[in-house]
Amino acid sequence: MTDKPWSGRFRTQIHPEVERFTESVSIDYRLALQDIEVSIAHARMLVSTGIIAGEEASQIIGGLEEIRNEVVSGAFRFDPALEDVHMNIETELTQRIGEAGKKLHTARSRNDQVATDLRLFVREELERLKTELRTFMNIILERAEEHIDTIIPGMTHLQHAQPLSFAHHMLAYFEMFRRDLERIEQGEKRVNQCPLGSAALAGTPHPIDRFMTAGELGFSEPLRNSVDAVSDRDFAIETVFICAMIMMHLSRMAEEIILWNSQPFSFIELNDSYSTGSSIMPQKKNPDVAELVRGKVGSVYGHLISLLTTMKALPLAYNRDMQEDKRPIMDSLDTINRCLRVFCGLLESMELKKQEIERSLSGGFITATDVADYLSGKGMPFRDAHRITGEMVSALIRDGKTFADLGIEEFRAYSPLFEPDILTIITPAVSADRRTSYGGTASQRVREALRDARAFLGDQGHET
Ligand code: ARG
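The text that follows walks through the structure, step by step, so that each part is easy to find. (Residues numbered from 1 in each chain as written. Predicted model: local features only at pLDDT ≥ 70, side-chain atom pairs only at ≥ 80, totals over all residues. Heavy atoms only, no water.)

Some remarks on the overall build of the protein chain
Stage number 1. The helix and strand inventory of the protein chain stands at 19 helices and 6 strands.
Stage number 2. What you see for the protein chain is a C-alpha radius of gyration of 31 Å, clearly larger than the 23 Å of a compact globule of 464 residues, by over 25%.
Stage number 3. If you line up the protein chain on its principal axes, its C-alpha atoms span 100 × 50 × 40 Å.
Stage number 4. When the 464 residues of the protein chain are sorted by exposure, 49% land in the buried category.
Stage number 5. Put simply, the protein chain shows about 22200 Å² of open surface, and 53% of that area lies on carbon and sulfur atoms.
Stage number 6. For the protein chain, the centre of its 53 positive side-chain charges and the centre of its 70 negative side-chain charges are spaced 2 Å apart. (Helix = DSSP H or I, 4+ residues; strand = E, 2+ residues; numbered from the N terminus. Rg over C-alpha atoms; globule rule 2.2 N^0.38 Å. Buried < 20%, exposed > 50% of the residue type's maximum accessible area, 1.4 Å probe, protein only. Areas by Shrake-Rupley, 256 points an atom, 1.4 Å probe, with all protein chains shown as cover. Lys, Arg positive; Asp, Glu negative; His and termini not counted. Charge placed at Lys NZ, Arg CZ, Asp CG, Glu CD.)

Concerning the nonpolar core
Stage number 1. Membership of the largest hydrophobic core comes to 94 residues, with the highest contact counts inside it found for Phe 136 and Ile 257.
Stage number 2. Broken down by element, this core gets its largest block of residues, 15 residues, from helix α10 (residues 234–261).
Stage number 3. With sequence-adjacent residues up to four places away left out, Ile 257 is seen in contact with Ile 268, Leu 270, Ala 290, Phe 343, Leu 346, Leu 347 and Met 350.
Stage number 4. Counting 18 residues, the second-largest nonpolar core is a separate cluster that includes Ala 385, Ile 388, Met 392 and Leu 396. (Core = buried A, V, L, I, M, F, W, Y, C linked by side-chain atoms within 4.5 Å. Contact = heavy atoms within 4.5 Å.)

Some details on the pairing of strand β2 (residues 159–165)
Stage number 1. Inspection of the sheet shows strand β1 (residues 151–156) paired to β2 by 6 bridges, in the antiparallel sense. Residue pairing across strands places Ile 152 opposite Leu 164, the latter belonging to β2.
Stage number 2. Adjacent in sequence and paired antiparallel, β1 and β2 are bridged by 2 residues, among which His 157 carries a positive phi angle near 55°. (Pairing = 2+ DSSP bridges.)

A word on the pattern of salt bridges
Stage number 1. Taken as a whole and assessed by the stated rule, the structure comprises 37 salt bridges.
Stage number 2. Linking Asp 149 and Arg 447 is a salt bridge whose minimum nitrogen-to-oxygen distance equals 3.9 Å. Separated by 298 residues along the polypeptide, Asp 149 in the loop between α6 (110–146) and β1 and Arg 447 in helix α19 (residues 443–463) bring together distant segments of the chain.
Stage number 3. Classification of Asp 149 by relative accessible area gives exposed; the value is 58%.
Stage number 4. Owing to a relative accessible area of 37%, Arg 447 belongs among the partly exposed residues under this scheme.
Stage number 5. Across the salt bridge formed by Asp 370 and Arg 435, the nearest N and O atoms sit 3.0 Å from each other. Of this pair, Asp 370 sits in helix α14 (residues 368–377) while Arg 435 sits in the loop between α18 (428–433) and α19, and the two are 65 residues apart along the sequence.
Stage number 6. You can call Asp 370 buried: its relative accessible area is 2%.
Stage number 7. Among the residues examined, Arg 435 registers a relative accessible area of 17% and is labelled buried.
Stage number 8. Residues joined by salt bridges that share partners form a network here, namely Glu 66, Glu 70, Glu 92 and Arg 96. (Salt bridge = Lys/Arg side-chain N within 4 Å of Asp/Glu carboxyl O.)

A few points about the site of the ligand
Stage number 1. Taken together, the neighbourhood of the ligand is formed by Ser 24, Asp 28, Asp 84, His 86, Arg 110, Asn 111, Val 114, Tyr 318, Gln 323 and Lys 326.
Stage number 2. Contact between the ligand and Asn 111: a nitrogen atom at 2.9 Å from a side-chain N or O atom of the residue.
Stage number 3. Contact distances for the ligand include 2.6 Å between an oxygen atom and a side-chain N or O atom of Lys 326.
Stage number 4. Here the ligand has 340 Å² of accessible area as a free molecule, and 87% of this is covered by the chains.
Stage number 5. Looking at the shell around the ligand, its residues break down into 2 nonpolar, 4 polar and 4 charged. (Near = heavy atom within 4 Å. Polar contact = N/O pair within 3.5 Å; in protein donor to acceptor, adjacent residues only side chain to side chain. Nonpolar A, V, L, I, M, F, W, Y, C, P; charged D, E, K, R; others polar.)

Concerning the environment of Val 85
Stage number 1. Tracing the chain through its elements places Val 85 in helix α5 (residues 85–97).
Stage number 2. With a relative accessible area of 0%, Val 85 lands in the buried category.
Stage number 3. Distance in space between the C-alpha atoms of Val 85 and Arg 179 is 35 Å, their sequence separation being 94 residues.
Stage number 4. The contacts of Val 85, once residues within four sequence positions are left out, are Val 25, Asp 28, Tyr 29, Leu 31, Ala 32, Asp 35 and Phe 78.

This is the structure:
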């Protein structure tokens, strides 16, 4: 059995069950590269402040670089008996370089170390997430640009409400993801503060330079309070919340794709390579990718609640409960990245069935609001206009007809305010195009919105 770094105070070996129970390296091995980066920055600071000798620092850094190569190549073997990634790397370093390795842990603790590693990990993951999200938003935009003049039935209560440009509908999602992107950028500011040098909780008597290590590691500044620095995980909770929000938005889109793909709608055809079949029903082509995205939201919401709950009653400062933070954070980020990537292909390759969409628009009374708006536009109080239009709809349903079946005289029987132009106004395309209010679905507004969205993504592209 391996001797623990803390073995000085202990008389018996750890129980094997406890060893298995307390280890975290099976999960936090993913922090190895961040851990090495943090240790190198720490060693540089220790030598520049005169806490260790130059020769010791070069040995430490050389040893850590060797270990880093092995971690990258996959040759490094993590040992669960050494509990976590931090002790695995430190122990290996000392085995390789001897005495100098034992000085690396001067003026730090695993408590500030793990918090720093995790912030670096989250920072990198958020960068990646932003790239994935921008790629996805770009595809949303491309699909929107193709379909400015494709009119779909806009829904409320999942019932035909008013005609919409498909582009306008897609741009609604674009706006949601735009806010998600902003949320990531705002969150990153809080992630990018450095706990290192807070040591166990109270700071250290050694003459360290926390501004130097923060700078070396690309943080904007050291965290102001050493107790807060090792106790808090709100940056992680916020990250998982952002993942949950993006997943929720994705899931709504997934739900619509599932509906549109179903026979009652038949608005889209999914690409074969993004669908799956049934093992018993030969006719089926299922939207499993969209369903799985919708399904995976559950685990990310769960991670958010689990992290919040883990933290809610912890007295300051570090408690071992906090080791449970890695899985929710890592799994949320993995899930969101995988979902976004697969969704890009799904959205990019799906086809709109324009004829089916048009057919669905002709059946009902999706332009009823236009009829009421027409009358109120001619001076009739809107409430009266609403009632008269309602009476028309009711009579038409009774006769098995729609507005399109009426001639001008039949309209005029309901109100002398109707003029022949009503006959075009009740067509879905004209209805949509008349909604020229700011943020509305008229094609001229949609074109403006598309230009704005393009400019946003363009600026985003330059920023990185
Ligand atoms: N593996 C631990 C974690 O992830 C590292 C910090 C351990 N600190 C301690 N005082 N036992 O939280």
